[in-house]
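Observations on the three-dimensional arrangement
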Amino acid sequence: MAVDGLSLSFGGVTALNGVSFTVAVGEIRAVIGPNGAGKSSLLNAVSGLYRPDSGRVWLGGHSFAAVPTDRLAALGVSRTFQNLALFKGLSVLDNVAAGLTHRLRAGVLAQVIGLPTARRERADAYDRAEALLAFLHLEDARDRPVGTLPYGVQKRVELARALVARPRLLLLDEPMAGMTLTEKQELTGCIRVARDDLGATIVLIEHDIGVVMGLSDRIAVLDYGRLIGDGTPEAIRNNQAVIDAYLGVAHDLEAGEGI
Ligand SMILES: Nc1ncnc2c1ncn2[C@@H]1O[C@H](COP(=O)(O)OP(=O)(O)OP(=O)(O)O)[C@@H](O)[C@H]1O
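Keep in mind it's a predicted model, so treat the numbers as computed, not measured.

Our focus in this paragraph is the domain arrangement of the protein. Here the domain parsing of the protein yields domain 1 (1–76 + 170–259) and domain 2 (88–166). Residue-level contacts link 15 residues of domain 1 with 12 residues of domain 2. A total of six residues in the side of domain 1 that touches domain 2 trace back to one element, the largest contributor, which is helix α6 (residues 181–196). Here the side of domain 1 that touches domain 2 is built from residues that sort into 10 nonpolar, two polar and three charged.

Below, the structure is given as structure tokens:
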């Protein structure tokens, strides 16, 4: 994935101003920056929810002036949202399988009347969902209605659902928001599993600087819509422009506190 000269404004507000960076295959790439820096706008442009004013988004060897949302799955892209978007009354397994069943080739009618192809696709979706539960340590919660689970577990279910289609690129929007320290540690482990064992390239927006420093291979830093830093955690920690604009206000970087 890459973005090349991405610009986007809303009325008089410049959300993105000529942002370019690349994401290597198999990389965990964080995008950080103060509130209003343009992080969500960037993720929304990459996933096709916003149409940039100029610039290109590269996904899987194709470049787009505006990413077609209906082709995201075919391009191997999956994303999560800041606010949970799960079916609260359905079980964990059903929610995870929904990451596949909502776009099965056999249509809804075929599913309902139980044609063999539909049955096979559905069984396959559930097999893959079961496998994902094992990877992300969710087996114990398999049959529980999602709404009854602690928030941190629900976030893991959301990650599992995004992963069930085996995306090549996974976009995570503030995955650690609202989590306890233990939950953050668990989810960090799951994100590593997604990369190491499931082969996903990961781009995440995250405010918790401790998590970002520990998890990312490279970090892109936005400020007022501009890219002001791009490099390894070590390079970003020592980047004066980044310290001035962002890290300088961190309470305690070494302790890994969020800001
Ligand atoms: N749909 C929108 N309509 C109008 N202005 C918007 C819209 N989306 C973003 N903006 C503006 O664009 C700028 C960048 O916002 P964006 O949400 O991308 O920043 P962010 O870095 O994700 O912030 P936060 O960390 O607070 O989520 C802000 O000034 C914001 O008010």
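The alternating pattern of strand β4 (residues 54–59) places Gly55, Val57 and Leu59 on a buried face and Ser54, Arg56 and Trp58 on a face that is not buried. Examined bridge by bridge, strand β1 (residues 2–10) and β4 share four bridges and lie antiparallel to one another. By the bridge assignment for β4, Ala2 is matched with Trp58. In this antiparallel pair of consecutive strands, β4 and strand β5 (residues 62–64), the connection spans two residues, and Gly60 shows a positive phi of 50°.

Taken together, the neighbourhood of the ligand is formed by Phe10, Val13, Ala15, Gly33, Asn35, Gly36, Ala37, Gly38, Lys39, Ser40 and Ser41. Broken down by secondary-structure element, the contributors of at least two residues to the shell around the ligand are β2 (13–22) and α1 (39–46). Here the shell around the ligand is built from residues that sort into four nonpolar, six polar and one charged.

Counting residues in each nonpolar core, the largest one holds 72 residues, and the members touching the most others are Val96, Leu133, Ala160, Leu163, Leu170 and Ile202. With six residues, helix α5 (residues 151–163) is the largest single contributor of residues to this core. A domain split of this core shows at least three residues from each of domain 1 (1–76 + 170–259) and domain 2 (88–166). Once residues within four sequence positions are removed from consideration, Leu170 is found in contact with Ser78, Ala162, Leu163, Ala194, Ala200 and Ile202.

Another point: the pairing of β1. Pairing of β1 with β2, which is carried by six bridges, proceeds in the antiparallel orientation. By the bridge assignment, Leu8 is partnered in β2 with Leu16.

Averaged over every residue, the pLDDT of the protein is 91; the share at 70 or more is 90%. Ignoring residues within four places in sequence, the model shows residues 251–259, a span with pLDDT below 50, making 17 contacts including any to other chains. Reported confidence for the predicted complex is 0.96 by ipTM and 0.90 by pTM.

Reading the values: rules and limits
- Per chain, the residues get numbers from 1 upward, laid out in the order the sequence is written.
- In keeping with the predicted nature of the model, local features appear solely for residues at pLDDT of at least 70, side-chain atom pairs appear and are counted solely at 80 or more, and the whole-chain, interface and lining totals rest on all residues.
- Domain limits in this description derive from either an automatic procedure or a database domain assignment.
- By the convention adopted here, residues make contact when the C-beta atoms placed from their backbones lie within 7 Å.
- Only runs of H or I of at least four residues qualify as helices and only runs of E of at least two qualify as strands under DSSP, and these elements are numbered from the N terminus.
- Think of it as three bins: nonpolar holds Ala, Val, Leu, Ile, Met, Phe, Trp, Tyr, Cys and Pro, charged holds Asp, Glu, Lys and Arg, and polar takes everything else, Gly as well.
- Counts of 20 or more other C-beta atoms within 10 Å of a residue's own C-beta define buried residues, counts of 12 or fewer define exposed ones, and intermediate counts define partly exposed ones; C-beta atoms are placed from the backbone.
- We treat two strands as partners when DSSP finds at least two bridges between them.
- Being near a molecule or strand means, for a residue, that its backbone-placed C-beta atom lies within 6 Å of it.
- Throughout this description, the term nonpolar core refers to a group of buried Ala, Val, Leu, Ile, Met, Phe, Trp, Tyr and Cys residues whose C-beta atoms join them within 7 Å.
- The pLDDT value expresses, per residue, how confident the predictor is, ranging between 0 and 100.

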